[in-house]
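Residues per chain are reported as follows:
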Amino acid sequence: MHNTVVVDISAFLENLYIAFELSLKAKRKYSVIEKVKDISGNHAEKLRVITASGFSREIIPVLKCDAYGTGAVEISKACRGVGIKIVSVVGITDALRLKDKGLEILILNTISEDELEDAIKNGFHLTCYTEKQIVDIEKAASRLSKCVHVHLKINTGMNRFGADKEEIQELNSMIKSSKHLKMESIFSHYHNAYSEDSLYTRKQYLYFQNALLKTDRRVNVHLANSACLIRYPQYVQGASRPGIMLYGSYPDFDMFLKYKGLLKPVVEVRSVVVHIRKVKKGEYVGYGDRWMVKDDTFLALIPFGYGEGFHRNASVNSSVWINGKRYTIFGNVSMDSLSILFDTENEVQVGDEVILFGGSHKGVHTVDEAAHEMGIIAYELLTGINNNVKREYINTL
């Protein structure tokens with residue numbers, strides 16, 4: 001295959017360790033960090049020591065959207081291999097992909113009634129925040145004679161999913177009185193923790209504390225996401241759910257600029273040059289009549305387009321890396337190809353490797369930089385690379 005997403009498992013584990021370190025420091029669990037500081041360079045071993053020390057649920061890695069496009073099955077193996085007990089996904093499809101992988105799986109979003117039995121049979125943890133959801137889960141669990149671990153989600157200001165404050169006490173009572181439901185945790189989600197303005201994050205944190213007064217205070221909680229762990233450790237509480245940071249990217253570009261170097265690059269996207277042609281002055285490249293060449297030149301064609309996940313916005317000012325040199329994309333990105341120009345014959349040849357973005361090569365755009373050039377965010381770029389592009393895993397356990 002011409003196109004490949006290279007996923008560095010060792011870098012993923014290093015970022016997972018950074019998430020643990022940030023979470024433990026936020027809660028002043030310094031003795032655990034001291035315990036592993038002399039384990040030189042081996043982040044997998046550091047993680048095993050931490051998880052074996054009673055912190056296997058300190059972090060709930062987010063593996064939604066097929067682990068942000070990196071491949072949830074392989075990422076789950078890495079998590080399990082270092083002692084992680086529970087991961088989270090967005091829906092039943094991702095959950096079923098990971099069943100029988102030796103991990104507890106939390107489904108963060110609502111699932112439909114016809115998916116409940118599959119979820120319960122497989123022992124997935126379920127999110128709830130309405131009376132109807134609780135009743136439906138209880139009925140399905142009763143039919144199957146199963147106990148279901150549920151996580152009550154509270155709306156603390158994002159106004160997406162979650163129970164409002166005045167509903168919490170009743171929902172908590174319903175779960176506690178149920179014969180087939182076990183309250184596993186109460187949680188929420190910070191919606192603005194990537195911002196330099198801490199006002200909304202502080203308001204959410206205080207709202208959450210107030211909401212907990214209407215529940216059993218002994219229950220587990222999880223609240224912090226990647227942005228909170230990195231920028232606002234003072235608002236970390238209970239377990240944390242890091243997502244984008246585990247894959248080497250940042251919640252927004254301003255955070256990338258401020259904290260660049262904290263995280264290790266996990267993803268590198270590669271292709272190859274498949275065709276070279278001469279283009280004469282005054283001729284056009286690609287769709288439309290916008291991209292006219294000013295002098296006789298050469299064109300290299302790369303079989304990676306918006307159909308593979310390279311955003312069409314890349315036509316404007318994005319670049320790729322070939323033979324240690326950056327080349328600006330010329331012409332509109334097509335569904336299955338993009339092109340660059342070069343001046344000297346044989347400067348670029350068929351078969352040359354192309355690094356589209358990511359990895360650790362000096363000068364190559366990171367995922368965050370490439371996304372910024374396209375006018376999108378790193379989340380979109382990572383999750384947009386479809387499964388026609390091969391995934392290759394390096395530095396595995």
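Residues numbered from 1 in each chain as written. Predicted model: local features only at pLDDT ≥ 70, side-chain atom pairs only at ≥ 80, totals over all residues. Heavy atoms only, no water.

*Asks:* Help me understand the packing of helix α1 (residues 9-26) against helix α3 (residues 43-55) in this model?
*Replies:* Two quantities define a packed helix pair, namely the angle between the axes and the distance from one axis to the other. Viewed as axis vectors pointing N to C, α1 and α3 meet at an angle of 40°, and their least axial separation amounts to 9 Å. Our classification of the angle between α1 and α3 gives oblique. The interaxial crossing formed by α1 with α3 has left-handed handedness. Contact with α1, carried on its side by L13, E14, L16, Y17, F20 and L24, involves H43, A44, K46, L47, I50, T51 and F55 of α3 and no other residues of that element. (Axes fitted to C-alpha atoms, helices over the stretch in contact; angles between N-to-C directions. Helix = DSSP H or I, 4+ residues; strand = E, 2+ residues; numbered from the N terminus. Parallel < 35°, antiparallel > 145°, perpendicular 65-115°, else oblique. Left-handed = near helix turned anticlockwise from the far one by under 90°. Contact = heavy atoms within 4.5 Å.)

*Asks:* I tried to follow the pairing of strand β13 (residues 325-328) on my own but got confused; where do I start?
*Replies:* Every other side chain in a regular strand lies on the same face of the sheet, so the side chains alternate between the two faces. Alignment of strand β12 (residues 319-322) against β13, held across 4 bridges, turns out to be antiparallel. Following the sheet pairing, W321 is matched in β13 by R326. With antiparallel pairing between neighbouring strands as the criterion, β12 and β13 make up a hairpin whose turn holds 2 residues, including N323 at a positive phi of roughly 50°. (Pairing = 2+ DSSP bridges.)

*Asks:* What is the right way to look at the packing of aromatic side chains in this model?
*Replies:* Remark: the centre distance and the inter-plane angle together describe each pair of aromatic rings, the angle taken between the planes. Under the definition given, this model contains 12 aromatic pairs. Ring geometry for Y129 against F161: centres 6.0 Å apart, planes inclined by 45°, an arrangement best described as tilted. Here Y129, found in the loop between β4 (125-128) and α8 (131-144), pairs with F161, found in the loop between β5 (148-153) and α9 (165-177); they are 32 residues apart in sequence, far enough to count as distant. Taking relative accessible area as the criterion, Y129 reaches 12% and is therefore assigned buried. (Phe/Tyr/Trp six-rings, centres within 6.5 Å; stacked < 30°, edge-to-face > 60°. Buried < 20%, exposed > 50% of the residue type's maximum accessible area, 1.4 Å probe, protein only.)

*Asks:* How should I be thinking about the pairing of β4 in this particular structure?
*Replies:* Taking every second residue as pointing to the same face, both faces of β4 are buried, with H125 and T127 on one and L126 and C128 on the other. Pairing geometry for strand β3 (residues 104-107) and β4, over 2 bridges, is parallel. Bridging from a neighbouring strand, L106 pairs with H125 of β4. Strand direction decides the pairing type here: β4 and β5, joined by 3 bridges, are parallel. Bridge pairing links C128 to L152 in β5.

*Asks:* Help me understand the pattern of salt bridges in this model?
*Replies:* Pairing is possible between side chains of opposite charge, provided their charged atoms come close. Applying the stated rule across the entire model yields 16 salt bridges. One salt bridge connects E21 with K25, and the closest N-O pair in it is separated by 4.0 Å. Remark: K25 and E21 occur in helix α1; sequence separation between them is 4 residues, near one turn of the helix. E184 is paired through a salt bridge with K182; the nearest N and O atoms lie 3.6 Å apart. For E184, a relative accessible area of 12% puts it in the buried group. Put simply, D66, D94 and R97 are held in one network by salt bridges that share partners. (Salt bridge = Lys/Arg side-chain N within 4 Å of Asp/Glu carboxyl O.)

*Asks:* Before we go on, may I ask you to explain helix α10 (residues 199-212) in this structure?
*Replies:* It helps to recall that an α-helix has 3.6 residues per turn; residues three or four apart then point in one direction. Counted at 1.5 Å a residue, the expected span for α10 with its 14 residues is 20 Å, and the 20 Å between its end C-alpha atoms agrees. What α10 keeps buried is the set T201, Q204, Y205, F208, Q209, A211 and L212. For α10, the angular spread of the buried residues around the axis is 165°, confining them to a single face. At its buried positions, α10 is contacted by α9, β6 (181-187) and β7 (220-224). (Expected span 1.5 Å × (residues − 1). Arc of directions from axis to C-beta.)

*Asks:* In this structure, what is going on with the sheet that holds β13? I would like to understand it.
*Replies:* Within a sheet, adjacent strands bond to each other through the backbone by hydrogen bonds, running parallel or antiparallel. The 6 strands lie next to each other as β13-β12-β15-β9-β1-β16, forming an open sheet whose pairing is mixed. Lying at the two open borders of the sheet, with one neighbouring strand each, are β13 and β16 (390-394). Here the average twist between neighbouring strands, direction ignored, is 35°. Pairing of strand β9 (residues 267-272) with strand β15 (residues 353-358) involves 5 bridges; the strand directions are antiparallel. Paired with E268 across the strands is G358, a residue of β15.

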